[in-house]
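Close look at the chain arrangement
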Amino acid sequence: MTRPAEQSASPSVLVTGASSGIGRATVLRFARQGSALLLVARGRESLEETAREAREAGAREVLVCPADVTDADAVQNAVETAVARFGRLDVAVHSAQVMAYGRIEDVPRAVYEAVVDTALHGTANLARAVLPVFRGQGAGHLVVVSSLLGEITAPLMGSYAAAKWGQLGLVRTLQQEVRDAPGVHVSAVAPGGVNTPIYSQGATYAGRSGRPPAPVYSADRVARKVVALLDRPRRIVHAGLFNPVIVAGFRLLPPVYDALVGPLFKAFALASDDERPPSEGNVFESQPAGNATDGRWRSF
Ligand SMILES: NC(=O)c1ccc[n+]([C@@H]2O[C@H](COP(=O)([O-])OP(=O)(O)OC[C@H]3O[C@@H](n4cnc5c(N)ncnc54)[C@H](OP(=O)(O)O)[C@@H]3O)[C@@H](O)[C@H]2O)c1
């Protein structure tokens, strides 16, 4: 793999979804390497907070760029700002996402579409903006944070599964399309349950908020996988001990999988202590008070 010296030491990095969870943990990992960082999310407040943490952690330079990833012009502007300021862009990590719980018939259409758009249009917008830069440099790496739900399905998570299956299809296509550019890479990391605020921030029409199913990884543990991909690009790398077994069960034993997934989901993927009326959560607007690196669950 072709990697210029300055990239391996402390790359210039753009992160979407930078103000919470896996994106924020990734920012802090790169910051500790002395990277130059451009942080993208919708809300300025939690971006500024993340930027402060990144500077304290040792980042060479940190810029914040509030933008909605579904807005192609805003994403293009963020990428151009990073290139203009840092002189090059080595890595783009796409971690922006929102979540909705509920049967497809119960989730309002606008909520469903926002969840799907964030993954599909967000990923395409970022790829469209960064890949020409990477091709021009002869090097660069787009890392998309996918999900176990990009390869399996579960009831009450239809919007998210549609989003993540579509996103992974797009990522696999991008991987095929950059084969003519040897220094340019597109990788995906697929976490299982991760202790981030996405569960309490998400919309719900299921009577409760969601929770990460065990084994619950920390956001930093997933961020470590993201950073490791730069040394060893992969089509998809899982971050979840049981992910391969669950995917195998889904593919090879669909009748058994379908019989078990509903009851198991209700028992282990809905928060028993958090009843909620129907709510949009942060699907349409940033909720800065809820953004943080870690959620409220125990993780390792
Ligand atoms: N947590 C898990 O268990 C888990 C499991 C598998 C996969 N994942 C994936 O991991 C990635 C990160 O999730 P997370 O758990 O870290 O979530 P999170 O803590 O809720 O963080 C989501 C980030 O995305 C930003 N965001 C949301 N919508 C956006 C938009 N339209 N444009 C720009 N930024 C937007 C949020 O900030 P604003 O609201 O301020 O915009 C926030 O910074 C997602 O792709 C998710 O699907 C998570």
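Residues numbered from 1 in each chain as written. Predicted model: local features only at pLDDT ≥ 70, side-chain atom pairs only at ≥ 80, totals over all residues.

Moving on to the overall build of the protein chain. The number of helices and strands found in the protein chain is 10 helices and 13 strands. Its C-alpha radius of gyration of 18 Å places the protein chain within 12% of the 19 Å reference for a compact globule of 300 residues. Principal axes of the C-alpha set define a box for the protein chain whose edges measure 50 × 40 × 35 Å. Per-residue burial over the protein chain gives 51% buried out of 300 residues. For the protein chain, contacts bridging at least 24 residues in sequence account for 75% of all contacts bridging at least 6. (Helix = DSSP H or I, 4+ residues; strand = E, 2+ residues; numbered from the N terminus. Rg over C-alpha atoms; globule rule 2.2 N^0.38 Å. Buried ≥ 20, exposed ≤ 12 C-beta atoms within 10 Å, placed from the backbone. Contact = placed C-beta atoms within 7 Å.)

Another point: the nonpolar core. Core analysis: the largest hydrophobic core is formed by 90 residues, its most contacted members being Leu14, Leu37, Leu39, Val40, Ala100, Val115 and Val222. Among all residues touching Leu37, those that are not within four sequence positions of it are Val13, Val15, Val27, Phe30, Ala31, Ala54, Ala59 and Val62. (Core = buried A, V, L, I, M, F, W, Y, C linked by C-beta atoms within 7 Å.)

Let us now look at the site of the ligand. If you check the shell around the ligand, you find 34 residues, and the closest are Gly17, Gly21, Arg42, Thr196 and Ser286. The set of elements that each furnish at least two residues to the shell around the ligand consists of helix H2 (21–32), strand E2 (36–41) and helix H7 (198–201). For the shell around the ligand, the leading source of residues is H2, giving three residues. Looking at the shell around the ligand residue by residue, the classes come out as 13 nonpolar, 19 polar and two charged. (Near = placed C-beta within 6 Å. Nonpolar A, V, L, I, M, F, W, Y, C, P; charged D, E, K, R; others polar.)

With respect to the helices and strands, the residue Glu80 is situated in helix H4 (residues 72–86). Residue Glu80 is classed as partly exposed on the basis of its 13 C-beta neighbours within 10 Å. The spatial distance from the C-alpha of Glu80 to the C-alpha of Ala129 is 8.3 Å, given a sequence separation of 49 residues.

One can describe the packing of H2 onto helix H8 (residues 219–228) by two numbers: an axis separation of 8 Å at closest approach and a directional angle of 60°. Taken together, the axis directions place H2 and H8 in an arrangement best described as oblique. Remark: the crossing between H2 and H8 carries right-handed chirality. Every residue of H8 that contacts H2 at Gly21, Ile22, Arg24, Ala25, Thr26, Arg29 and Phe30 is listed here: Ala219, Asp220, Val222, Ala223, Arg224, Val226 and Val227. The residue inventory of the contact of H2 with H8, partitioned by class, reads eight nonpolar, two polar and four charged. (Axes fitted to C-alpha atoms, helices over the stretch in contact; angles between N-to-C directions. Parallel < 35°, antiparallel > 145°, perpendicular 65-115°, else oblique. Left-handed = near helix turned anticlockwise from the far one by under 90°.)

For helix H5 (residues 109–137), built from 29 residues, the straight-helix expectation of 42 Å at 1.5 Å per residue is met to within 8% by its first-to-last C-alpha distance of 41 Å. At Asp117, H5 shows its strongest bend, of approximately 35°. Just downstream of H5, Gly138 is the residue with a positive phi angle, here 80°. (Expected span 1.5 Å × (residues − 1). Bend = angle between axes of the 7 residues up to and from the residue.)

Side chains that are three or four residues apart share a direction in an α-helix, a result of its 3.6 residues per turn. Taking 1.5 Å per residue as the helical rise, H4 with its 15 residues ought to reach 21 Å, and the 21 Å between its terminal C-alpha atoms agrees with that figure. Two residues or fewer past H4, Gly87 is found with a positive phi of approximately 90°.

Right, let's get into the sheet that holds strand E3 (residues 61–66). Ordered by their spatial adjacency, seven strands build an open sheet running E3-E2-E1-E4-E6-E7-E12, and the pairing between neighbours is parallel. The open sheet terminates on both sides in strands that have one partner only, identified here as E3 and strand E12 (236–239). The mean angle between the axes of side-by-side strands here comes to 15°, regardless of whether they run parallel or antiparallel. Alignment of E2 against E3, held across six bridges, turns out to be parallel. Directly across from Ala36, in E3, lies its bridge partner Glu61. Its contacts with the sheet place helix H3 (residues 44–57) against E2 and E3, and it is angled at close to 170° to E3. On the sheet, helix H6 (residues 158–177) packs against strand E6 (140–145) and strand E7 (184–191) and is oriented at approximately 155° with respect to E7. (Pairing = 2+ DSSP bridges.)

So, on to the confidence of the model for the protein chain. Of all residues in the protein chain, 97% attain a pLDDT of 70 or more, and the chain-wide mean is 96. Low confidence marks residues 1–7, where pLDDT is under 50. Its contacts with residues over four positions away, or in another chain, come to 10 contacts. (pLDDT = per-residue confidence, 0-100.)

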